[in-house]
Amino acid sequence: MTFPGPLPEGAIAVIFTSMRSADDDHGYEAMAERMLELVEAQHGYLGATSVRDPATRVGITVSYWVDESAARQWKQVAEHQLAQREGRRHWYEHYRVEVCRVVRQYDHTSSTLDD
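Procedures and definitions
Residues numbered from 1 in each chain as written. Predicted model: local features only at pLDDT ≥ 70, side-chain atom pairs only at ≥ 80, totals over all residues. Heavy atoms only, no water. Pairing = 2+ DSSP bridges. Helix = DSSP H or I, 4+ residues; strand = E, 2+ residues; numbered from the N terminus. Axes fitted to C-alpha atoms, helices over the stretch in contact; angles between N-to-C directions. Contact = heavy atoms within 4.5 Å. pLDDT = per-residue confidence, 0-100. Core = buried A, V, L, I, M, F, W, Y, C linked by side-chain atoms within 4.5 Å. Buried < 20%, exposed > 50% of the residue type's maximum accessible area, 1.4 Å probe, protein only. Polar contact = N/O pair within 3.5 Å; in protein donor to acceptor, adjacent residues only side chain to side chain.

## Some words on the sheet that holds strand β3 (residues 58-65)
Pairing between the strands of a sheet is mediated by backbone hydrogen bonds and can be parallel or antiparallel. If you walk across this open sheet you meet the four strands as β2-β3-β1-β4, and the pairing is antiparallel. Since the sheet does not close on itself, it has two edges, and those belong to β2 (45-52) and β4 (92-101), each with one partner. With strand direction ignored, the average angle separating the axes of adjacent strands in the sheet is 15°. When β2 meets β3, the two strands line up antiparallel, connected through seven bridges. The residue of β3 that forms the bridge with Gly47 is Tyr64. Where helix α3 (residues 78-91) meets the sheet, it contacts β1 (12-20) and β4, and its direction lies at approximately 140° from that of β4.

Set out below in structure tokens:
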């Protein structure tokens, strides 16, 4: 798990919550590695945090974007669209995407009970 640095005002968080199927773990892992390579080169990408429970196969990935336009552009990348189609066909029993604007942020070094 990684934590992006301080986010700019108006940053966008895209929350992808999913339940993986038992199909094609190897293909999924290869595609996930490729998507990480691509997204890291995407304009406006700020970072991501991802966790998955191996017992339930439920995972949450939050990606951070400089603005909504950058997040939408990522959704339109051809290889990412292929991964989305494969995910719907093979890798996910269920998923949900939520797009949110970051209103406030703080961490363990800067927070107070009043944040």
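## Considering the confidence of the model for the protein
On average, residues of the protein carry a pLDDT of 90, and 93% of them reach 70 or more. Mean pLDDT values over the elements of the protein span from 90, in helix α1 (residues 25-40), up to 97, in β1.

## Section: the environment of Arg104
Note that Arg104 resides in the segment after β4. Separated by 81 residues in sequence, Arg104 and Asp23 have C-alpha atoms that sit 38 Å apart.

## Some details on the nonpolar core
Grouped together as the largest cluster of nonpolar side chains are 16 residues, with contacts concentrated most on Met35, Trp65 and Trp74. When residues no more than four places from it in sequence are discounted, the contact partners of Met35 are Trp74, Glu79, His80 and Ala83.

## Structural notes on the side chain of Gln84
Examined against the element boundaries, Gln84 turns out to sit in helix α3. Here Gln84 falls in the buried class, since its relative accessible area comes to 17%. A polar atom in the side chain of Gln84 sits 3.1 Å from the side chain of Lys75.

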